[in-house]
Amino acid sequence: MSETRELSYAEAIHEAQILEMGRDASVILIGEDIHGLTLGPYAEFGPERLWSAPISESGFTGMAVGAALTGLRPIVDLLISSLLYVAMDPLVNQAGKLRAMTGGQAKVPAVFRCGLWHGSSYAAQHSDRPYPLFMNSPGLKVAIPATPADAKGLLQTAVRDDDPVMIFEDRNLAHERGPVCEGDAPVPFGQARVHREGSDVTLVAIASAVREALAAADDLAREGISVEVIDPRTLVPLDRETLLGSVRRTGRLVVADPAHRTCGAAAEIAALAAEEAFDALRAPVARVTTPDVPIPFSPALESKLYPSQQGIADAVRRVARY
Amino acid sequence: MPTPRPELLIEMQRRMWRVRAFDERAVELRHAREIHGPVHPSIGQEAACVGACMALREDDTLTGNHRSHGHPIAKGSELGPLMAELLGKATGVCGGMGGSMHLADFSVGSLGETGIVGAGIPIAVGAGLSARVRGTDQICIAFFGDGASNHGTFHESLNLAAIWKLPVLFFCENNGYAATTSLARATSVEDVAERAAGYRMPGVVVDGQDAVAVYEVTAEAAARARAGEGPSLLEAKTYRYLEHAEGEGIPGFYRDAAEIERWRQRDPLEIHRQLLLDRNLLDAAGADRIEREARAEVDAALAFARESAEPEPRAAFDVVFANSGGSGT
Ligand SMILES: Cc1ncc(C[n+]2csc(CCOP(=O)(O)OP(=O)(O)O)c2C)c(N)n1
Ligand SMILES: [Mg+2]
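Residues numbered from 1 in each chain as written. Chains lettered and ligands numbered in written order. Predicted model: local features only at pLDDT ≥ 70, side-chain atom pairs only at ≥ 80, totals over all residues. Heavy atoms only, no water.

### A few points about the overall build of chain A
Consideration 1: The helix and strand inventory of chain A stands at 11 helices and 14 strands.
Consideration 2: Taking 322 residues into account, the globule formula puts the C-alpha radius of gyration at 20 Å, and chain A, at 20 Å, falls close to it.
Consideration 3: Taken along its principal axes, the extent of the C-alpha atoms in chain A is 60 × 45 × 45 Å.
Consideration 4: Burial status across chain A gives 60% buried among its 322 residues.
Consideration 5: Summarising the internal contacts of chain A: among those between residues at least 6 apart in sequence, 79% fall at separations of at least 24.
Consideration 6: Surface summary for chain A: the accessible area is close to 11,900 Å², and the carbon and sulfur share equals 53%.
Consideration 7: Here chain A carries 30 positive and 41 negative side-chain charges, and the mean point of each set is 4 Å from the other. (Helix = DSSP H or I, 4+ residues; strand = E, 2+ residues; numbered from the N terminus. Rg over C-alpha atoms; globule rule 2.2 N^0.38 Å. Buried < 20%, exposed > 50% of the residue type's maximum accessible area, 1.4 Å probe, protein only. Contact = heavy atoms within 4.5 Å. Areas by Shrake-Rupley, 256 points an atom, 1.4 Å probe, with all protein chains shown as cover. Lys, Arg positive; Asp, Glu negative; His and termini not counted. Charge placed at Lys NZ, Arg CZ, Asp CG, Glu CD.)

### Let's talk about the domain arrangement of chain A
All names here are of chain A.
Consideration 1: What the domain assignment reports for chain A is domain 1 (4-181) and domain 2 (193-320).
Consideration 2: Computed from C-alpha atoms alone, the centre-to-centre distance between domain 1 and domain 2 is 26 Å.
Consideration 3: Contact residues are listed per partner, giving 26 residues for domain 1 and 29 residues for domain 2.
Consideration 4: With both sides pooled, the region where domain 1 packs onto domain 2 buries about 2,200 Å², and carbon together with sulfur makes up 60% of that total. (Domains from an automatic or database assignment. Buried area = accessible area lost by both parts, 1.4 Å probe.)

### Regarding the nonpolar core
Consideration 1: The biggest cluster of nonpolar side chains holds 83 residues, and the ones touching the most others in it are A:Phe112, A:Tyr131, A:Phe134, A:Phe168, B:Leu129, B:Phe144 and B:Phe170.
Consideration 2: Split by domain, the residues of this core number at least three in each of domain 1 (4-181) and domain 2 (193-320) of chain A.
Consideration 3: Beyond its immediate sequence surroundings of up to four residues, A:Tyr131 is in contact with A:Leu116, A:Val142, A:Ile144, A:Phe168, A:Ile206, A:Leu235, A:Asp257, A:Pro258, A:Ala259 and A:Ala265.
Consideration 4: Counting 64 residues, the second largest nonpolar core, distinct from the first, contains B:Ile10, B:Leu29, B:Phe171 and B:Ala211. (Core = buried A, V, L, I, M, F, W, Y, C linked by side-chain atoms within 4.5 Å.)

### Regarding the coordination of the magnesium ion (ligand 2)
When four donors bind a metal tetrahedrally, each ideal donor-metal-donor angle is 109.5 degrees, and when six bind octahedrally, the ideal angles are 90 or 180 degrees.
Residues and elements named next belong to chain B.
Consideration 1: Each protein donor to the magnesium ion (ligand 2) is listed here as Asp146 (OD), Asn175 (OD1) and Tyr177 (O); together their distances run 2.0 to 2.1 Å.
Consideration 2: In primary sequence terms, the donor set of the magnesium ion (ligand 2) follows D-x28-N-x1-Y. In this pair, Asp146 is assigned in the loop between β3 (140-145) and α6 (152-163) and Tyr177 in strand β5 (residues 177-178), connecting sequence segments 31 residues apart. (Donors = N, O, S within 2.8 Å, 3.2 Å for Na, K, Ca; no water.)

### Concerning the environment of B:His102
Consideration 1: Residue placement: B:His102 occurs in the loop between α4 (79-86) and β2 (110-113).
Consideration 2: Considered as a pair, B:His102 and B:Ser68 are 34 residues apart in the sequence and their alpha carbons are 6.5 Å apart.
Consideration 3: For B:His102, the residues in contact, after removing those within four places along its chain, are A:Met101, B:Ser68, B:Cys94, B:Glu113, B:Thr114 and B:Gly115.

### Observations concerning the site of ligand 1
Residues and elements named next belong to chain B.
Consideration 1: The environment of ligand 1 is made up of 15 residues, and the closest members are His66, Arg67, Gly115, Gly147 and Tyr177.
Consideration 2: The contact in question runs from an oxygen atom of ligand 1 to an N or O atom on the side chain of Arg67, over 2.8 Å.
Consideration 3: Between ligand 1 and the protein, one listed contact pairs an oxygen atom with a backbone N or O atom of Gly147 at 2.8 Å.
Consideration 4: For ligand 1, whose free accessible area comes to 580 Å², the fraction covered by protein is 71%. (Near = heavy atom within 4 Å. Polar contact = N/O pair within 3.5 Å; in protein donor to acceptor, adjacent residues only side chain to side chain.)

### Things to note about the sheet that holds strand β7 (residues 165-170) of chain A
All names here are of chain A.
Consideration 1: Ordered by their spatial adjacency, seven strands build an open sheet running β3-β2-β4-β5-β7-β6-β12, and the pairing between neighbours is mixed. Across the chains shown, the open sheet's two edge strands, defined by having one partner strand only, are β3 (50-53) and β12 (234-236). The mean inter-strand angle of the sheet, taken between neighbouring strand axes irrespective of direction, is 20°.
Consideration 2: Here strand β6 (residues 141-143) runs beside β12; their pairing, made up of two bridges, is antiparallel. (Pairing = 2+ DSSP bridges. Axes fitted to C-alpha atoms, helices over the stretch in contact; angles between N-to-C directions.)

### A closer look at the packing of α4(B) against helix α11 (residues 284-307) of chain B
Residue and element names in this part refer to chain B.
Consideration 1: Look at α4 against α11: their axes get within 8 Å of each other, and the N-to-C directions meet at 50°. As summarised for this structure, α4 and α11 are arranged oblique, according to the angle between their axes. Relative to α11, the crossing made by α4 is right-handed. Between α4, through Leu79, Gly80, Pro81, Met83 and Ala84, and α11, the contact on the second element is made entirely by Glu297, Val298, Ala301, Leu302, Phe304 and Ala305.
Consideration 2: Along the lines of polarity and charge, the residues of the contact of α4 with α11 split into nine nonpolar, one polar and one charged. (Parallel < 35°, antiparallel > 145°, perpendicular 65-115°, else oblique. Left-handed = near helix turned anticlockwise from the far one by under 90°. Nonpolar A, V, L, I, M, F, W, Y, C, P; charged D, E, K, R; others polar.)

### Quick look at the packing of helix α1 (residues 6-31) of chain B against helix α8 (residues 211-226) of chain B
Residues and elements named next belong to chain B.
Consideration 1: The interhelical angle for the contact between α1 and α8, taken along N-to-C directions, is 115°, at an axis separation of 11 Å. When the axes of α1 and α8 are compared, the pair comes out roughly perpendicular. Our pair here, α1 against α8, has a crossing hand that is right-handed. Each of Leu8, Leu9, Met12 and Met16 in α1 lies in contact with α8, whose residues at this interface are Ala211, Val212 and Tyr215.
Consideration 2: Its residues assigned to classes, the contact of α1 with α8 comprises seven nonpolar, no polar and no charged.

### Thoughts on the interface of chain A and chain B
Consideration 1: In this complex, chain A contributes 42 residues to the contact, which on the side of chain B involves 37 residues.
Consideration 2: Taking both sides of the interface into account, the surface hidden between chain A and chain B amounts to around 3,300 Å²; carbon and sulfur atoms contribute 68%.
Consideration 3: Counting the surface chain A buries against chain B, the share from its top three residues, A:Trp51, A:Met63 and A:Gln105, is 20%.
Consideration 4: At the boundary of chain A and chain B, one finds one salt bridge.
Consideration 5: A salt bridge links B:Arg132 to A:Glu48; its shortest N-O distance comes to 3.4 Å.
Consideration 6: On inspection of chain A and its partner chain B, the count reaches 15 residue pairs in polar contact (both at pLDDT 80 or more).
Consideration 7: Breaking the side of chain A that touches chain B down by element, the ones donating at least two residues are β3, α2 (57-69), α3 (88-95) and α4 (98-101) of chain A.
Consideration 8: Split by residue class, the side of chain A that touches chain B holds 17 nonpolar, 15 polar and 10 charged. (Salt bridge = Lys/Arg side-chain N within 4 Å of Asp/Glu carboxyl O.)

### Let's talk about the side chain of A:Arg113
Consideration 1: If you trace the backbone, A:Arg113 turns up in strand β5 (residues 111-116).
Consideration 2: Those residues in contact with A:Arg113, other than ones at most four positions away along the chain, are A:Ile13, A:Gln17, A:Ile75, A:Val76, A:Asp77, A:Leu78, A:Leu79, A:Leu155, A:Ile167 and A:Glu169.

### Considerations on the pattern of salt bridges
Consideration 1: Using the criterion set out here, one finds 47 salt bridges over all chains in the structure.
Consideration 2: In this structure, A:Glu11 and A:Arg177 form a salt bridge, with 3.5 Å as the shortest nitrogen-oxygen distance. Of this pair, A:Glu11 sits in helix α1 (residues 9-23) while A:Arg177 sits in strand β8 (residues 177-181), and the two are 166 residues apart along the sequence.
Consideration 3: Accessibility expressed as a relative area gives 37% for A:Glu11, which makes it partly exposed.
Consideration 4: Between B:Glu293 and B:Arg14 there is a salt bridge whose closest N-O contact spans 3.3 Å. Within this pair, whereas B:Glu293 is found in helix α11, its partner B:Arg14 is found in helix α1, the two being separated by 279 residues in sequence.
Consideration 5: Look at B:Glu293 and you get partly exposed, because its relative accessible area is 36%.
Consideration 6: In this structure B:Arg14 comes out as partly exposed when scored by relative accessible area, which is 23%.

### Points about the pairing of β5(A)
Residue and element names in this part refer to chain A.
Consideration 1: Across the six residues of β5, six count as buried, placing the element largely inside the fold.
Consideration 2: Burial along β5 is two-sided: the face carrying Val111, Arg113 and Gly115 and the face carrying Phe112, Cys114 and Leu116 are both buried.
Consideration 3: Of the strand pairs in this sheet, strand β4 (residues 73-77) and β5 are connected by three bridges, and their pairing is parallel. Among the inter-strand pairings, Ile75 is bridged to a residue of β5, identified as Val111.
Consideration 4: Note that β5 and β7 share six bridges and pair parallel. Within β7, the residue paired with Leu116 across the bridge is Asp170.

Here's what the structure looks like:
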């Protein structure tokens, strides 16, 4: 085992990028305002590996598809997830579909890094959490780390994967610190992380809701409710076995997901339990999500919307008591 | 100007006839409902795609659009798998996953045609960037229509390729119309090539019915791109004789018969045939033989397509991802 030390979530992402660029000369970075990186540890890679682009999201996202089709492994820094709508065509119609549409001739090993900026008074046009859209877009893989170790490991795997991967980085976690292995530490796709074992309720949590869920589980343990906290880590592919296995043991499911409620990741996971573990369920599935409203600017309005420690704990209590 | 050698001049006529014979047959099959989904014929536009592709190297790449048959044929694709793709067969070049608008043949550098107008242009710029980073001297050519030159992707792509001096050729097949909308109605300039000035790259207008002229300007731009001098915008003035998409019942109100007839008088295959005869590269019998052989190739391609099996239902699930995990559910 290699050494571990504490890194922040943001530092872990850079570590993964630098390791992958050092390991494989076909890995390049494209994004807006990234030329500043050449002043730091990225300098060694030279200008041909780092393309600081004009404000042309559909242009350079489409370019990444072309580069991936012809032998490179581009990492596209899309900065703000709300900008993904500007680049929807190259992501959904091109990156996600070209392998299938060419009958398997094409390979699109591109990584799209998408920041989630909700919770910072950026208002509706900068606060989106649009990962469910891409779960509903076949051909794209969707990763969403909640810890520094997973931020590094999922990004390393994303770069090595031969398919297009959208990786959603929750900026609320940017300064969270945690143990991260030195050197290579890729995290396999399709393997959920069981953060905490428990026997009464399965609590599936995504992105910054994992932090809230773990805090809620501490509170609930003191009340005598034993909660199993699971982070799927990749939504495509989804680790159905781990999620369903836990639900079959506990008979109760709560899903905490910062995306909007309708057709969100929580909806998909709830449907999975209803279809595949109906016989084991002893209570209705509960979702703790963001309501279907454009995100408001005022902290007084915004702060109440996302899955919180309190909201999650209340949902678990309701389900446990059912 | 780099002039094509005699064998190349003859090969151009062969490829133009392949495009024409293939598309004539595709249109028949579409009307007979043996082909499903829209078919956008390149009939009348053969010199543009063939002249351009013949000026490229085998390892150069291309992206294209919904008018998709001419580009891979011009680049040297075998006709059998292309026709089988139009019929949705397992032996289709894309295994029946793409169809008429979306031919892709990686074996000849065809990275794919796209049904989304303008979407192939940035992909070509990425392929150019890739060639540069990988240290090859390949270039990539993006084929698109006059209509696509009004899309944001066109403008973003020209700027991106220009600031980074990427080895990309932007090749506009200007056939005067985007579906039923004329260039004049939709475009701020008379020549799409004028738009090159805004991105400080050469913009060249060429007679798109003259395969040799198209070859010459493309070869010159390709040499420039390969030498690291950056992209060019080439505009071939051409015309489609048939409907935007055949068999879709698109009304023909937007142009008159006289206009079509005028363009038919400058048929690219006739113009090139005359050149071959004038230069004594072929006699009339030899020129006729090229047409006959192309039609025979298309017949053989169709026979192959018809004999081929339908894809297995599982096939759609097997091509979603390259790496395991999360295949279509
Ligand atoms: C983004 C987008 N908008 C609209 C369409 C519908 N459409 C398909 S082809 C076409 C016209 C394209 O014209 P042009 O680029 O000149 O190519 P041409 O068909 O003349 O070869 C349109 C509007 C589409 N497929 N994609
Ligand atoms: Mg047109």
